[in-house]
Amino acid sequence: MTGTRIAALGHYQPAKVLTNHDLAALVDTSDEWISSRVGIRTRHVAGPDEPVDELAAHAGAKALAAAGLTPADVDLVLVATSTATDRSPNTAARVAARLSMGSPAVMDLNVVCAGFTHALATADHAVRAGSAARVLVIGADKMTAVTDWTDRSTCVLVGDGAGAAVVVATGQAEEPGIGPVLWGSVPEMGHAVRIEGTPPRFAQEGQSVYRWATTRLPPIAREVCARAGVTPEELAAVVLHQANLRIIEPVAQKIGAINAVIARDVVESGNTSAASIPMALSKLVDRGEVESGAPVLLFGFGGNLSYAGQVIRCP
């Protein structure tokens, strides 16, 4: 059984930027109120002619180029998203068509904010099992399309974007670059984060999510590290789902990652659901903040009250 690694990353965000001051003209809020409660200052917003599969394809193309691969080299496309408008063709199939791929298997995964780490684990398993050799894993969401812009408790949180990773097998002499996944859910609390109704709208019970994340997640994240054979002190970076700076910072502190760079992309991108982890990681790599081969904790959590995490080696 071979191991796997992330060969390269890529990310994409729409050009339009919405600031806190812009939002203050729409609802009863202010830059100070938003910044102090969730840490967000700006977010990117896709237009009506920018569907989620277009965001995903842009990020995927960048990741493939960075890996030195062509679309034809990919034999499995996994897209984590909860904001696709249509059920069929699925988002992965539309990405494959946009990138003129050959005949890859195409699957969407809807685990909302934990979608990318679930998809990354699925890619790891597929390569280890021998059913795929090169996998394009994308987290992409257009959260602004499912947002009630009159609800100040949710409209200040969201943004749009996509992040992608290319997963390949490791060589015989290489250490695995994607560690064991630890995943699960809290079914009785699934109502705490929702995208429901017609038209679908995002809603959440913010205080319940905050208490659950800041108390329940740190020991789970430490177990992720243990499964990978690293201590929290050895982590070079921690990339949590970019939900809220008031969740990210205390959770990272409780994990004990005292030497790690903490991803804080939420400040400029908002909550982009499944896109948040790969997008934040891609930016850290682009800025040279994490050395190639260094251990990085990825940990997604949120919708369905699902979670999934693994330690990866930075590409």
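Turning next to the pairing of strand E7 (residues 160-169). Buried residues dominate E7, accounting for nine of its ten residues. Where strand E1 (residues 4-12) lies against E7, eight bridges are found, and the strand directions are antiparallel. Counted as the bridge partner of tyrosine 12 is alanine 162 from E7. As defined by bridge partners, strand E6 (residues 134-142) adjoins E7 across nine bridges and the pair is classed as antiparallel. Bridge pairing links valine 137 to alanine 165 in E7.

On the secondary structure map, threonine 215 appears in helix H7 (residues 206-228). With 36 residues separating them in the primary sequence, threonine 215 and valine 251 have C-alpha atoms 8.0 Å apart.

Here we take up the pattern of salt bridges. A side chain of one charge can pair with a side chain of the opposite charge when the charged atoms of the two come close. Per the counting criterion, the structure on display carries twelve salt bridges. Across the pair glutamate 196 and arginine 194 runs a salt bridge whose closest N-O atoms are separated by 3.6 Å. Among the residues examined, arginine 194 registers a relative accessible area of 23% and is labelled partly exposed. A salt bridge links arginine 194 to glutamate 205; the shortest N-O distance between them is 3.7 Å. In this pair, arginine 194 sits in strand E9 (residues 193-196) while glutamate 205 sits in the loop between strand E10 (201-204) and H7, placing the two residues eleven residues apart along the sequence. Taking the relative accessible area as the measure of exposure, glutamate 205 reaches 31% and is therefore partly exposed. It is possible to trace a salt-bridge network through shared partners that takes in Arg194, Glu196 and Glu205.

As a further point, take the packing of helix H3 (residues 52-67) against helix H4 (residues 91-98). With their axes 9 Å apart at the nearest point, H3 and H4 run at an angle of 55° to one another. One element, H3, and the other, H4, form an angle in the oblique class. Seen along the crossing, H3 lies across H4 with a hand that is right-handed. Where H3 approaches H4, its residues Val52, Asp53, Glu54, Ala56 and Ala57 are matched on the opposing element by Thr91, Arg94, Val95 and Arg98. Tallied by class, the residues present in the contact of H3 with H4 amount to four nonpolar, one polar and four charged.

A complete count under the given rule lists one aromatic pair for this structure. We note arginine 152 situated over the ring of tryptophan 33; from NZ or CZ to the ring centre the distance is 4.6 Å. Across the ring face of tyrosine 210, the terminal group of arginine 246 is positioned such that the distance to the ring centre comes to 5.3 Å.

With that out of the way, let us pick up the packing of H7 against helix H8 (residues 245-255). The geometry of a pair of packed helices is captured by two quantities: the angle between their axes and the separation between those axes. Contact geometry of H7 with H8 gives a least axis separation of 9 Å together with a crossing angle of 35°. In the packing of H7 onto H8, the handedness of the crossing is right-handed. Between H7, through Tyr210, Ala213, Thr214, Pro218, Ala221 and Arg222, and H8, the contact on the second element is made entirely by Arg246, Ile247, Pro250, Val251, Lys254 and Ile255. Class assignment for the residues of the contact of H7 with H8 results in eight nonpolar, one polar and three charged.

Reading the values: the criteria
Residues numbered from 1 in each chain as written. Predicted model: local features only at pLDDT ≥ 70, side-chain atom pairs only at ≥ 80, totals over all residues. Heavy atoms only, no water. Buried < 20%, exposed > 50% of the residue type's maximum accessible area, 1.4 Å probe, protein only. Helix = DSSP H or I, 4+ residues; strand = E, 2+ residues; numbered from the N terminus. Pairing = 2+ DSSP bridges. Salt bridge = Lys/Arg side-chain N within 4 Å of Asp/Glu carboxyl O. Axes fitted to C-alpha atoms, helices over the stretch in contact; angles between N-to-C directions. Parallel < 35°, antiparallel > 145°, perpendicular 65-115°, else oblique. Left-handed = near helix turned anticlockwise from the far one by under 90°. Contact = heavy atoms within 4.5 Å. Nonpolar A, V, L, I, M, F, W, Y, C, P; charged D, E, K, R; others polar. Phe/Tyr/Trp six-rings, centres within 6.5 Å; stacked < 30°, edge-to-face > 60°. Lys NZ or Arg CZ within 6 Å of the ring centre and 35° of its normal.

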